[in-house]
Amino acid sequence: PPSAMPPPPAAPASTAPLPKAAPAKAASAASGGDEGVVYGLLTTTYNVGGPIAQAISNQVFGLFTPALSDPKNYVEDHYGFRRTVAWSFGLTYAMAFLSLLTLPLLPEQKAEAQERKRTWERRDCYAYATVVLVGAGLAYSCTFDLLAVFPATMCYRFVGGEGCDSDA
């Protein structure tokens, strides 16, 4: 007789296209001829966010004691280390929820975005500030991510290491 087993659950739909669709949709609100610049700026900003977050988390979590980067702490699994891990998760989720405070800055619909474009003041300093901030973020993340990779510099505390021996 056939088994009464339920069919396997359907695979979830892929979310891979979402990061590409959001900037494309935002670029559609750009003025004629500016779509490419808007799409490029939004995509660059999105892609720089991950490395910046990695560099900052290396620095912040490197300050935690007992060290989150020491595998010995995971094996020993003592109460103090569990508390440190709990604090690291709490900080991670607090920062994620803190980012939700920027949602009111976004227009609700395309019509509101178009209205802002027509009525809000235009200044070159906004463009310069955007380019400088994205460039500084890229330089910061590249610098600290590279310092965290090379054996000679990965031990520095400001990079997230445990401190270098003064003998070396």
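Before reading on, note that the structure itself is shown above.
As the structure is a computational prediction, the values presented were derived from the model and not from experiment.

1. Concerning the overall build of the protein
So, point 1. The helix and strand tally for the protein stands at six helices and zero strands.
So, point 2. Each helix and strand of the protein, placed in order from N terminus to C terminus, yields the pattern α-α-α-α-α-α.
So, point 3. Residue burial in the protein is summarised as follows: out of 168 residues, 17% are buried.
So, point 4. Here the analysis covers contacts within the protein between residues at least 6 apart in sequence; of these, 47% occur between residues at least 24 apart.
So, point 5. A total of about 12,800 Å² of accessible surface is found on the protein, and carbon and sulfur atoms cover 68% of it.

2. Some points on the layout of surface pockets
So, point 1. Volume-wise, the second largest pocket comes out at about 280 Å³.
So, point 2. The wall of the second largest pocket is formed by Ala-53, Ile-56, Ser-57, Val-60, Phe-61, Leu-91, Thr-92, Met-95 and Ala-96.
So, point 3. When contributions to the lining of the second largest pocket are tallied by element, the ones reaching two or more residues are α2 (35–61) and α4 (79–98).
So, point 4. Residues that form the lining of the second largest pocket fall into these classes: seven nonpolar, two polar and no charged.

3. As for the side chain of Thr-43
So, point 1. Tracing the chain through its elements places Thr-43 in helix α2.
So, point 2. Here Tyr-39 takes part through its backbone oxygen, which lies 2.8 Å from a polar atom of the side chain of Thr-43.

4. Remarks on the packing of aromatic side chains
So, point 1. Tallying each qualifying case throughout the model produces five aromatic pairs.
So, point 2. On the basis of an interplanar angle of 85° and a centroid distance of 5.4 Å, the ring pair of Phe-61 and Phe-64 is categorised as edge-to-face.
So, point 3. Accessibility expressed as a relative area gives 23% for Phe-61, which makes it partly exposed.
So, point 4. Under the relative-accessibility criterion, Phe-64 is labelled buried at 18%.
So, point 5. Note on Phe-144 and Phe-158: the rings are 6.0 Å apart at their centroids and 90° apart in plane angle, and the pair reads as edge-to-face. Residue Phe-144 is located in helix α6 (residues 124–149), and its partner Phe-158 is located in the segment after α6; the two are separated by 14 residues in the primary sequence.
So, point 6. When its relative accessible area of 16% is taken as the criterion, Phe-144 is described as buried.
So, point 7. The exposure class assigned to Phe-158 is partly exposed, which follows from its relative accessible area of 45%.
So, point 8. Clustering of aromatic rings is evident, with ring pairs tying together Tyr-140, Phe-144, Tyr-156 and Phe-158.

How each quantity is defined
- Counting restarts for each chain, with residues numbered from 1 along the sequence as it is written.
- Local features in this predicted model are restricted to residues of pLDDT 70 or higher, and side-chain atom pairs are both shown and tallied only at a pLDDT of 80 or more, whereas totals for entire chains, interfaces and linings draw on every residue.
- Water and hydrogen atoms play no part in the side-chain values, which are based on all heavy atoms of the structure.
- Numbering of helices and strands starts at the N terminus; helices are DSSP runs of H or I of at least 4 residues and strands are runs of E of at least 2.
- Exposure is judged per residue with a 1.4 Å probe applied to protein chains only, and the accessible area is read against the type maximum: over 50% gives exposed, under 20% gives buried, and values in between give partly exposed.
- Contacts: residue pairs with any heavy atoms within 4.5 Å of one another.
- Residue exposure ignores everything except the shown protein chains as possible cover, and the areas themselves are Shrake-Rupley values with a 1.4 Å probe.
- Residues are called lining when one of their atoms sits within 4 Å of a cavity or pocket point, these points coming from a 1 Å grid over the protein atoms alone, where a cavity is a set in which a 1.4 Å probe fits but cannot get out and a pocket is an open set with protein on both sides within 12 Å along at least five of seven lines.
- Grid points are joined across faces, edges and corners, and a volume is the space filled by probe spheres set on the points.
- Three classes are used: nonpolar for Ala, Val, Leu, Ile, Met, Phe, Trp, Tyr, Cys and Pro, charged for Asp, Glu, Lys and Arg, and polar for all others, with Gly counted as polar.
- Any pair of N or O atoms that falls within 3.5 Å is considered a polar contact. Within protein, one atom must be able to donate a hydrogen and the other to accept it, and sequence-neighbouring residues count only if both atoms are side-chain atoms.
- Stacked, tilted and edge-to-face are the three classes applied to pairs of Phe, Tyr and Trp rings, where Trp contributes its six-membered ring and a pair requires centres within 6.5 Å; stacked means planes under 30 degrees apart, edge-to-face means over 60, and tilted covers the rest.

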